[in-house]
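Each chain, written out:
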Amino acid sequence: MSGPKLVQEVREVVASRELLVNFVRRELRSKYKGTFLGWAWSLINPLATTLIYTAVFAVVMRVQPPVGVDGLTNYALFLLCGLLPWNFLAVAVQGGQTVLLDNGNLIKKTYFPRRLLLLSHIGAGFVTFLVEMGVLVVVFAFFGVNALPWIPLLLVIMVLFAAFGLGLALALSVANVYFRDVAHFVGLFMQIWFYATPIVYPLALVQGLGGGTGRWNGIPLADLATLNPAVAFIEPIRDMFYDGTFPEPRYLLAAVGWALLTLLVGNLVFRRLEPRLAEEL
Amino acid sequence: MADVAINVEDVSKRFRIYHERNQSVKSAVMRRGRARFEEFWALRDVDLEIPYGKTYGLVGHNGSGKSTLLKCLARILVPDKGRVVANGRISALLELGAGFHPELSGRDNVYLNGSILGLSRRDIDARFDDIVEFAGLEQFIDTPVKNYSSGMYVRLGFSVAINVEPDILLVDEVLAVGDEAFQRRSAAKFDQFRDEGRTIVVVSHALGSVRNMCDEVAWLDHGRVLEVGPADAVVGKYADATTQTPTEPAHVHPSDVRMTGLTALVDGRPVQELAVGSPIDLRLEWQADRAVAGLLLAVQLRTSDGMLIGTARSDALGPLTLGPGTGAVDLHLESWPTAAGTYVLDAVVLEQGEPERELDRLSDAARLAVVAEGARGHEGLILLGGSWS
């Protein structure tokens, strides 16, 4: 029974794509409304976090960035390859989970496919993500690395990552309507997830634990890292940009798997809880 | 099927009333599982065919489920049983400007709201000037709507919704928007809608306007459909039903002097029904614990939905002294002033002075059904009368 329903849901979304575009536009336009720097903020924020993390991890704690393409060793560039995708996921999940609550009045008074609210939130985040990755390509060029050939594959991974984020946001947003605790729980979880993912440190550091076994006190941390879905999206991006190598196929496969699985499950949860939204809000 | 705009097939809708709601995981765990709630059926097996090109009214007292039904038609609520099948584009006027984003300009919001209502960008381009002109906001269209007055906000919302030109328009008591000029334009737009053969579904408490606007009416009671049929007949029955179970007459300001009753008399006999234009006596009964001087009596006539039509005061008798004890005062009307319908009378006693003070009001003291031989010439609220030459 799930098949025809899914087709119907996709059709509904496709039919209201203009509304989707308008929602995305609303989100992007209102984001920096009333600020003096406006869109510059979307670049200032990652720049500032990069400076902070570089100061803390590269300068004070002396985390050694691995040697990348053409002997490139630059912690800030290494960090950005992981931080920009992570920021996209964080916005998708943490902003996405409150989207239904924030638009309660709209849901109670008007009809449109409710999924559009999630799609547009992820869409707006994706636009920012695209701009940031575009800037990153320029920055790499500035350091003498030509990342242009990787762009087609990068786009594929980004779209898969967006599908993954959408799946999470779909499930969490409806859950949050019924249990407001979800938002706080997710806030905590995202913090743990951030440090569990090799973003501020190289994955090789985890694999090198316990004399190369990747174990720490008997816990197989390196193996666990490969089960972390965020790794499946972030490592390939870093492989391409920083290391200049084709991503490991197992990560790419995992990325496809995680994206599809999360999106399907998220949509299922959403379908289940969607009908009573207007009453519960 | 083409002559049915909306088909409501055995629709039931259940609501949950939470006693203590589990909105935190902690409370869910503590209470071991589900939240405690009661269920009640807001709609029960509602089966309706709303015909194409007609204006359709939904009446019923508060909690009868008419607004719930409207929301089911608008697809905002999903029925627990049954289904709603609509043929054509629906636009719902439930809350005006519900989709507005305060930070965005009026222009951006017109496009946003229009697309929520199902218009494409090109459609909105074509209607944009009409929308802005209808709302009368040409000068402010590029101002963020957070700086709009509430009137401007609602006017723009209404203007977008009405200019969507839906096949089916759902309206929930939002006709009284803006100043008089705007209301006139709105009413004209509704008329134009009807003339173009579009379908309108109206939920309203104002029985007079339902009777005037609607072709067909469904009467809902406790979530069930009691009666469906031509507007005049169903609204009439609904009004009668509310007359037969009159609300207990209420004293507003209990004091030493009280109004205890109001009786309508024709030829000395108490009546509850009256022919249009006939003479009538209204007997006001009072009770006083002690003698109170400087009083004035009054009768107020209202429609069954509470609108004041007229007042008759006993000024001509001079200051009255009533009590102690009980008694009655009569008011004679040479000719009953209203057209056919159900009317309510209040009995009032006032204390003269500057300012006047209302000592007691017996509201809903009597109800009168005014009937006419044939409806022709009896539209509206009052008899205009006059002599022709």
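Criteria and cut-off values
- Residues numbered from 1 in each chain as written.
- Chains lettered and ligands numbered in written order.
- Predicted model: local features only at pLDDT ≥ 70, side-chain atom pairs only at ≥ 80, totals over all residues.
- Helix = DSSP H or I, 4+ residues; strand = E, 2+ residues; numbered from the N terminus.
- Contact = placed C-beta atoms within 7 Å.
- pLDDT = per-residue confidence, 0-100.
- UniProt positions renumbered as here; feature names shortened; annotations may be inferred.
- Domains from an automatic or database assignment.
- Nonpolar A, V, L, I, M, F, W, Y, C, P; charged D, E, K, R; others polar.
- Core = buried A, V, L, I, M, F, W, Y, C linked by C-beta atoms within 7 Å.
- Buried ≥ 20, exposed ≤ 12 C-beta atoms within 10 Å, placed from the backbone.
- Pairing = 2+ DSSP bridges.
- Expected span 1.5 Å × (residues − 1).
- Axes fitted to C-alpha atoms, helices over the stretch in contact; angles between N-to-C directions.
- Parallel < 35°, antiparallel > 145°, perpendicular 65-115°, else oblique.
- Left-handed = near helix turned anticlockwise from the far one by under 90°.

A few points about the overall build of chain B
So, point 1. The secondary structure content of chain B amounts to eight helices and 20 strands.
So, point 2. Residue pairs at least 24 apart in sequence account for 73% of intrachain contacts in chain B once pairs closer than 6 positions are excluded.

Concerning the confidence of the model for chain B
Residues and elements named next belong to chain B.
So, point 1. Averaged over every residue, the pLDDT of chain B is 84; the share at 70 or more is 89%.
So, point 2. The secondary-structure element of chain B with the lowest mean pLDDT is strand β10 (residues 250-251), recorded at 60, while strand β8 (residues 216-221) shows the highest, at 92.
So, point 3. As a predicted assembly, this complex carries a pTM of 0.76 together with an ipTM value of 0.81.

Notes on the UniProt feature "domain: ABC transmembrane type-2" (unreviewed entry) in chain A
So, point 1. Under the feature "domain: ABC transmembrane type-2" (unreviewed entry), the UniProt entry names residues 37-273 of chain A.
So, point 2. The distance separating the terminal C-alpha atoms of residues 37-273 of chain A is 40 Å; by composition the span is 76% helix and 2% strand.

Remarks on the domain arrangement of chain B
Residue and element names in this part refer to chain B.
So, point 1. For chain B, the assigned domains read domain 1 (4-242) and domain 2 (250-371).
So, point 2. In this structure, domain 1 and domain 2 have C-alpha centres spaced 40 Å apart.
So, point 3. Each partner contributes residues to the interface: domain 1 has six residues there, and domain 2 has four residues.
So, point 4. Of all the elements in the fold, those that place two or more residues in the side of domain 1 that touches domain 2 are α7 (207-213) and α8 (231-244).
So, point 5. Taken together, the residues of the side of domain 1 that touches domain 2 break down into three nonpolar, three polar and no charged.

Brief notes about the UniProt feature "transmembrane region" (unreviewed entry) in chain A
Residues and elements named next belong to chain A.
So, point 1. In this structure's numbering, the residues bearing the UniProt feature "transmembrane region" (unreviewed entry) are residues 36-63, 75-95, 116-144, 150-175, 182-201 and 251-270.
So, point 2. Across residues 116-144, the secondary structure splits into 93% helix and 0% strand, with the terminal C-alpha atoms separated by 41 Å.
So, point 3. Taken as a whole, residues 150-175 contains 96% helix and 0% strand, while its terminal C-alpha atoms sit 37 Å from one another.

Remarks on the nonpolar core
So, point 1. Residues Phe233 of chain A together with Leu170 and Val201 of chain B are the most contacted members of the largest nonpolar core, which totals 142 residues.
So, point 2. It is helix α8 (residues 151-178) of chain A that provides the largest number of residues to this core, a total of 15 residues.
So, point 3. Residues contacting Phe233 of chain A, with those up to four places away along its chain left out, are Pro85, Ile157, Leu160, Phe161, Phe164 and Ala255 of chain A.
So, point 4. Core analysis: the next-biggest nonpolar cluster, separate from the first, contains 30 residues, Leu301, Ala340, Leu345 and Ala366 of chain B among them.

Remarks on the sheet that holds strand β11 (residues 257-266) of chain B
All names here are of chain B.
So, point 1. Read across the open sheet, the four strands follow the order β12-β11-β14-β18; overall the sheet is antiparallel. Looking at which strands have only one partner, the edges of the open sheet turn out to be β12 (269-270) and β18 (325-333).
So, point 2. Two elements, strand β14 (residues 280-288) and β18, share nine bridges in a ladder whose sense is antiparallel. Its bridge partner lying in β18, Glu285 is registered against Ala328.

Details of the interface of chain A and chain B
So, point 1. Every contact between the two is made by 21 residues of chain A and, on the other side, 24 residues of chain B.
So, point 2. When residues of the side of chain A that touches chain B are traced back to their parent elements, those giving at least two are α2 (17-31), α6 (104-109) and α15 (277-280) of chain A.
So, point 3. For the side of chain A that touches chain B, the residue count by class is seven nonpolar, five polar and nine charged.

Remarks on helix α7 (residues 115-142) of chain A
So, point 1. Spanning 28 residues, α7 of chain A covers 40 Å between terminal C-alpha atoms, matching the ideal 40 Å at 1.5 Å per step.
So, point 2. Gly144 of chain A lies just past α7 of chain A and shows a positive phi near 85°.

Quick word on the sheet that holds strand β5 (residues 90-93) of chain B
The strands making up a sheet are joined through hydrogen bonds of the backbone, oriented either antiparallel or parallel.
Residue and element names in this part refer to chain B.
So, point 1. One open sheet holds the six strands; their spatial order is β5-β6-β7-β3-β8-β9, and the pairing between them is mixed. Every interior strand has two partners, whereas the edge strands, β5 and β9 (224-230), have only one. Across the sheet, the axes of successive neighbouring strands diverge by a mean angle of 15°, strand direction being ignored.
So, point 2. Relative to strand β7 (residues 199-203), strand β3 (residues 55-59) runs parallel, the two sharing four bridges. In the strand pairing of β7, Tyr56 is matched with Val201.

Points about the pairing of β5 of chain B
Residue and element names in this part refer to chain B.
So, point 1. Here β5 shows a buried face lined by Ile90 and Ala92 and a second buried face lined by Ser91 and Leu93.
So, point 2. Inspection of the sheet shows β5 paired to strand β6 (residues 168-172) by four bridges, in the parallel sense. Bridge pairing in β6 places Ala92 opposite Leu170.

Concerning the packing of α8 of chain A against helix α13 (residues 229-243) of chain A
Residues and elements named next belong to chain A.
So, point 1. Direction vectors running N to C along α8 and α13 enclose 165°, while the axes themselves pass 10 Å from each other. Here α8 lies roughly antiparallel to α13, going by the angle between them. Read as a crossing pair, α8 and α13 show a hand that is left-handed. Between α8 and α13, the contacting residues are Leu153, Leu154, Ile157, Leu160, Phe161 and Phe164 on the first element and Pro229, Phe233, Pro236, Ile237 and Met240 on the second.
So, point 2. Residue composition of the contact of α8 with α13, grouped by class: 11 nonpolar, no polar and no charged.

A short note on unusual backbone geometry
Residues and elements named next belong to chain B.
So, point 1. Of note, the bond from Gly323 into Pro324 is cis; its omega dihedral lies within 30 degrees of zero at -5°.
So, point 2. The residue Pro324 is located in the loop between β17 (320-322) and β18 in this model.
So, point 3. The backbone of Arg75 shows a phi angle near 70°, a positive value even though the residue is not glycine.
So, point 4. Mapped onto the secondary structure, Arg75 falls in the loop between α2 (66-73) and β4 (81-86).
So, point 5. You can call Arg75 partly exposed: it has 17 C-beta atoms within 10 Å.

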